[in-house]
Amino acid sequence: MSKKIFLNESDAPKQWYNITADMVNKPLPPLHPATKKPLTPEDLEPIFAKELIKQEMTSERWIDIPDEVLELYKIWRPTPLVRATALEKALDTPAHIYFKNEGTSPIGSHKLNSALPQAYYNKMQGIKRLTTETGAGQWGAALSFASSVFGLDLNVYMVKVSYEQKPYRRMMMQTWGANVIPSPSNLTDAGRSILAKDPNNSGSLGIAISEAVEMALKGEQTRYTLGSVLNHVSLHQTIIGLEAEKQMEMAGEYPDIVIACFGGGSNFAGVSFPFLRHKLVDGKEIRVIAAEPASTPKLSRGKFEYDFGDTVGLTPLLPMYTLGHDFQPADIHAGGLRYHGAGTIVSQLRKDGLVEVQDIPQLETFEAGKLFANTEGIIPAPESTHAIASAIREAKKAKEEGVKKTILFNLSGHGLIDMTAYDQFLNGKMQNYDLTDEEIAKTTDTLEKLV
Ligand SMILES: *Cc1c(COP(=O)(O)O)cnc(C)c1O
């Protein structure tokens, strides 16, 4: 039995998979924030590259990956599928646990899978400048490298708490040539209005998105890019699951359970949609679990409503599970999971009972991360520890029930640049954050009035 299952470059998938082609209930359409009418492609053209808008709205099942992107994927892809034998042993479980290691990318996470095609399509259209936001810095780092590959200028609005807690990713972005700005900033109307109300605001992805979108709308030959939530981002990430599908077959196994951590849903979509296809098309028995932070529980405790993707209300209204665009997440270390909403495709799948959710408290995630580090050697990203914690829960359940389960989870990134978080955990300085129903009601009660 091999520990790692490698796929040859020549066997790598050459298309991405669009799950909307196989969904019985399609996601509801996004709405124009002013007219409240379904968005047209033209509405989005000031914000996104045309080809990405096409991918956002397409119902085609398979989308060709451009040759230039395939060539760049070869820098680190296909990523290994690994059997977590040492973790299995430590848990004394009959479960077989596999993980897809997306931490092997040059930036250390799955985000580069979408950054490269997004920069590519913008470049092909003649765009000169990109703007974006970043939480923990993973998306900003990915887009910084992708922008440097394609010769594009880049402004990154980085959530202030991460800018301060995680200076190394700022330095990575700057090494790849990006301009990094802590958000909320004084450079935009959105940032200035937040700071006027709360000068010590530590920022959120929602605020940073408002700033980056505003700058894209104001700038010439400038477009905005997003690292999660949207359909085209999930589409690009399906390269993870399409590779894993082949690798599981090489291992002679098929997953009973597929797990990923959940921020906006892109790595979750990436690893799970190709397997969900078997459920939708062939009726295969498979469970997929989204592991979200207990402090940002949009899928389990949020409302399914139209809501803005950002804090200020510049983005289209998206039909999604949301905690409300005014929700201010606790300062947990999994910066990439501090977002109020879930992508529209995952939201519809969740509504239709095709996706399960587990809420994990911060301390449980770091306990899981530490056990994983001590068994498999890899120190996982704080975000990825949510998937590990969920996999451990399922492996323990398999032991209690005395059944062999095959579990596949996505290791969305390594945590080598997040060691201050581990330091706090090891020194007993980390805490859980409880969220009451009243607190959730504050930012979700008025959502239905948006449309
Ligand atoms: C950004 C990020 C996430 C969360 O984003 P999704 O779109 O939900 O995948 C998870 N893990 C890592 C390592 C990240 O950088």
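Participant: Residues and numbers for the overall build of the chain, please.
Facilitator: Counting secondary structure elements, the chain contains 18 helices and 15 strands. In summary, the chain has a C-alpha radius of gyration of 20 Å against a globular reference of 22 Å for 451 residues, a match within 12%. Along the first, second and third principal axes, the C-alpha atoms of the chain reach 55 × 50 × 45 Å. When each of the 451 residues of the chain is scored for burial, the buried share is 62%. Across the chain, contacts joining residues at least 24 apart in sequence account for 77% of those joining residues at least 6 apart. By element, 50% of the accessible surface of the chain is carried by carbon and sulfur atoms, the whole surface being about 16,800 Å². The distance from the centre of the 47 positive side-chain charges to the centre of the 55 negative ones in the chain is 2 Å.

Participant: Provide a residue-level description of the site of the ligand, including the pertinent values.
Facilitator: Taken together, 18 residues form the shell around the ligand, and within it Lys111, Ser228, Gly263, Ser266 and Ser412 come nearest. Between the ligand and the protein, one listed contact pairs an oxygen atom with a backbone N or O atom of Gly264 at 3.0 Å. A distance of 2.7 Å separates an oxygen atom of the ligand from a polar side-chain atom of Ser266. Protein chains shield 98% of the accessible area of the ligand, which is 380 Å² for the free molecule.

Participant: Describe the sheet that holds strand S15 (residues 406-411), and please don't skip the residues or the numbers.
Facilitator: Two strands in a sheet stick together by hydrogen bonds in their backbones, pointing the same way (parallel) or opposite ways (antiparallel). An order of S1-S4-S5-S15-S10-S11-S14 is seen for the seven strands of this open sheet, with the pairing classed as mixed. The outermost strands of the open sheet, each flanked by one partner alone, are strand S1 (4-5) and strand S14 (356-360). When strand S10 (residues 257-261) meets S15, the two strands line up parallel, connected through three bridges. Among the inter-strand pairings, Ile259 is bridged to a residue of S15, identified as Phe409. Where helix H12 (residues 266-282) meets the sheet, it contacts S10, strand S11 (287-293) and S15, and its direction lies at approximately 165 degrees from that of S10.

Participant: Please give an account of the sheet that holds strand S8 (residues 179-183) that cites residues and values.
Facilitator: One open sheet holds the four strands; their spatial order is S8-S7-S6-S9, and the pairing between them is parallel. Bordering the open sheet on either side are S8 and strand S9 (222-224), each of which pairs with just one other strand. For this sheet the average axis-to-axis angle between neighbouring strands, irrespective of direction, equals 20 degrees. For strand S6 (residues 129-134) and strand S7 (residues 153-159), the ladder comprises six bridges, and the chain directions are parallel. Each residue of the ladder has a partner; that of Thr131, found in S7, is Asn155. Across the sheet, helix H10 (residues 205-218) touches S6, S7, S8 and S9, and the angle it forms with S6 is around 170 degrees.

Here is what the cut-offs are and how they apply
- Residues numbered from 1 in each chain as written.
- Predicted model: local features only at pLDDT ≥ 70, side-chain atom pairs only at ≥ 80, totals over all residues.
- Heavy atoms only, no water.
- Helix = DSSP H or I, 4+ residues; strand = E, 2+ residues; numbered from the N terminus.
- Rg over C-alpha atoms; globule rule 2.2 N^0.38 Å.
- Buried < 20%, exposed > 50% of the residue type's maximum accessible area, 1.4 Å probe, protein only.
- Contact = heavy atoms within 4.5 Å.
- Areas by Shrake-Rupley, 256 points an atom, 1.4 Å probe, with all protein chains shown as cover.
- Lys, Arg positive; Asp, Glu negative; His and termini not counted.
- Charge placed at Lys NZ, Arg CZ, Asp CG, Glu CD.
- Near = heavy atom within 4 Å.
- Polar contact = N/O pair within 3.5 Å; in protein donor to acceptor, adjacent residues only side chain to side chain.
- Pairing = 2+ DSSP bridges.
- Axes fitted to C-alpha atoms, helices over the stretch in contact; angles between N-to-C directions.

Treat this as a map of the structure, not an account of what it does.
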